[in-house]
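Summary of structural features
So the chains spell out like this:
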Amino acid sequence: MALFERDRDIYTDRDALREDYQPQELVGRDDELSTFQSALQPVINGEQPNNIFLYGKTGVGKTAATRYLLSHLREDAASYDDITLSLNFLNCDGLSSSYQVATHLVNELRDESNQISTTGYPLAAVYDMLWEELDALGDTVIIVLDEIDNIEDDSLLYQLPRARANNKLSNAKVGIIGISNDFSFREDLSPKVKSSLCENEIHFPAYDANDLIAILEQRADVAFHDGVLDDGVIPLCAAYGAKDAGDARQAIDLLMKAGDIARDQDGDTVTEAHVDQGRNALERGRIEEGVRGLTEHGHLVLYALLTHAVEGNTPVRSRDIRPRYTRFAELADRDPLVPRRMRDHLSELTMLGIVGVTERNEGRRGGTYREYTLDMDVKQVLDAMSDTVELVGIHESVVDKALDNVDIDMTDAA
Ligand code: ADP
Ligand code: MG
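What counts, and at which threshold
Residues numbered from 1 in each chain as written. Chains lettered and ligands numbered in written order. Predicted model: local features only at pLDDT ≥ 70, side-chain atom pairs only at ≥ 80, totals over all residues. Heavy atoms only, no water. Helix = DSSP H or I, 4+ residues; strand = E, 2+ residues; numbered from the N terminus. Buried < 20%, exposed > 50% of the residue type's maximum accessible area, 1.4 Å probe, protein only. Contact = heavy atoms within 4.5 Å. Domains from an automatic or database assignment. Buried area = accessible area lost by both parts, 1.4 Å probe. Core = buried A, V, L, I, M, F, W, Y, C linked by side-chain atoms within 4.5 Å. Pairing = 2+ DSSP bridges.

1. Focus on the overall build of the protein
Scanning the protein from N- to C-terminus turns up 16 helices and eight strands. The dimensions of the protein, computed from C-alpha atoms along their principal axes, are 80 × 60 × 55 Å. Considering the protein as a whole, with its 414 residues, one finds that 45% of them fall into the buried category. Looking at the protein alone, contacts between residues at least 24 apart form 70% of all its contacts between residues at least 6 apart.

2. Re the domain arrangement of the protein
Each domain of the protein was delimited in the assignment, giving domain 1 (30-203), domain 2 (208-290) and domain 3 (293-401). Placing a centre on the C-alpha atoms of domain 2 and another on those of domain 3 gives a separation of 32 Å. Across the contact, seven residues belong to domain 2 and eight residues belong to domain 3. Surface buried jointly by domain 2 and domain 3 totals about 610 Å² across both partners, of which 64% is contributed by carbon and sulfur atoms. Three residues, Ile287, Glu288 and Gly290, lead the burial of domain 2 against domain 3; their summed loss comes to 73% of the area buried on that side.

3. Re the nonpolar core
Core analysis: the biggest nonpolar cluster contains 53 residues, and Ile177, Phe224, Leu229, Leu255 and Val270 have the highest contact counts within it. The leading source of residues in this core is helix α10 (residues 248-264), at eight residues. Summarising the domain contributions, this core has at least three residues from each of domain 1 (30-203) and domain 2 (208-290). In terms of nonpolar packing, the next biggest core, distinct from the first, is built from 35 residues, Phe53, Leu95, Leu157 and Leu169 among them.

4. Some details on the pairing of strand β3 (residues 140-146)
Extensive coverage of β3 is indicated by the burial of seven of its seven residues. Every second residue of β3 is oriented toward a common face, with Thr140, Ile142, Val144 and Asp146 on one face and Val141, Ile143 and Leu145 on the other, all of them buried. Inspection of the sheet shows strand β2 (residues 85-91) paired to β3 by seven bridges, in the parallel sense. Paired with Ser86 across the strands is Val141, a residue of β3. Two strands pair when backbone bridges link them, and β3 and strand β4 (residues 173-180) are joined in this way by six bridges, in the parallel orientation. For Ile143, the partnering residue across the bridge sits in β4 and is Ile176.

Laid out in structure tokens, this is it:
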């Protein structure tokens, strides 16, 4: 008997739910696509291309819309003999400076044997190499800088759109498509960069539940066998997606997780219960990732808050968290941080969505203070920082939350 057998009951094409899948059509983005398309029209007219700036939160279709339109642009431009179009796509994730982006572009445009090192050249020299490579492409050059908010300085974003005006380029007409997940990136650009880079701005709003239903249905048609999904499954994934962030990627991930769980359980249908299990599993993953990335003091602060939460003492002020945090730090054989630093850790936890915060007014005399709550499942958080819990010992409030992966004695933490 075969040890491995192909699973066929649930999926026809599971890859259609993966991040790198490019749908044939985008659903529910007609307005944005039509604005975007008009902004690209000069390319077909043989004119100087526009700079275009797309912004919106993650998972709202910015990258997908760009790939979709550019693949049509490439196809349609090919039918005009007098257009040579070069499309260059760069994701700036991990590239934090103009220098890094510029060397990256140069290397993308050069062949293997002629690559430059990513350090050591003066910036101006790298730009000269870049202009040379761009000019060699000739005619119309589109450069997509996806996740452009990773670039921390303006230099390249200033130079690129002006290269032709400054006589750095004689052949190439360059258009930049900048894509940002972060609205404040645009606000923080210097006015001169903003006016050129953002001459055509397109905002991609978050999806609501109905948008997500349409997107999920389109994807499910490709990915799942007919009749495998219970009627409530897509609406439930969409409802969670809309509630969380209006992020299509998260909603698709959730649908895939539910499908995987159904498959692992040898089911032949995907149910709403699978969606809920999937959501828990994904959430656990997110918490683990967030908590694992914290420093030890972050863990100690979180542990102190968590025990207050279990005792029913939340919302709680930082000055009331402090005595327990101090004691936990001592038990873990660490020097407690000063109150200000401790509060910094609370802020970080709120940014990660692990902790909730409410601002309150202090009676008639003015002043405000903050109260904190634990926004995540106690057991999941404990599991994710088991090393620290092990160092401190188990607090009496959480003894019954028996930890899966920790073997601890009751200690003075109680
Ligand atoms: P962003 O770049 O804004 O973070 P993406 O373009 O990567 O988001 O979209 C996230 C996922 O959702 C991708 O798998 C994408 O194919 C899908 N998606 C987003 N919007 C749509 C849409 N309108 N129609 C179909 N699929 C979509
Ligand atoms: Mg993207």
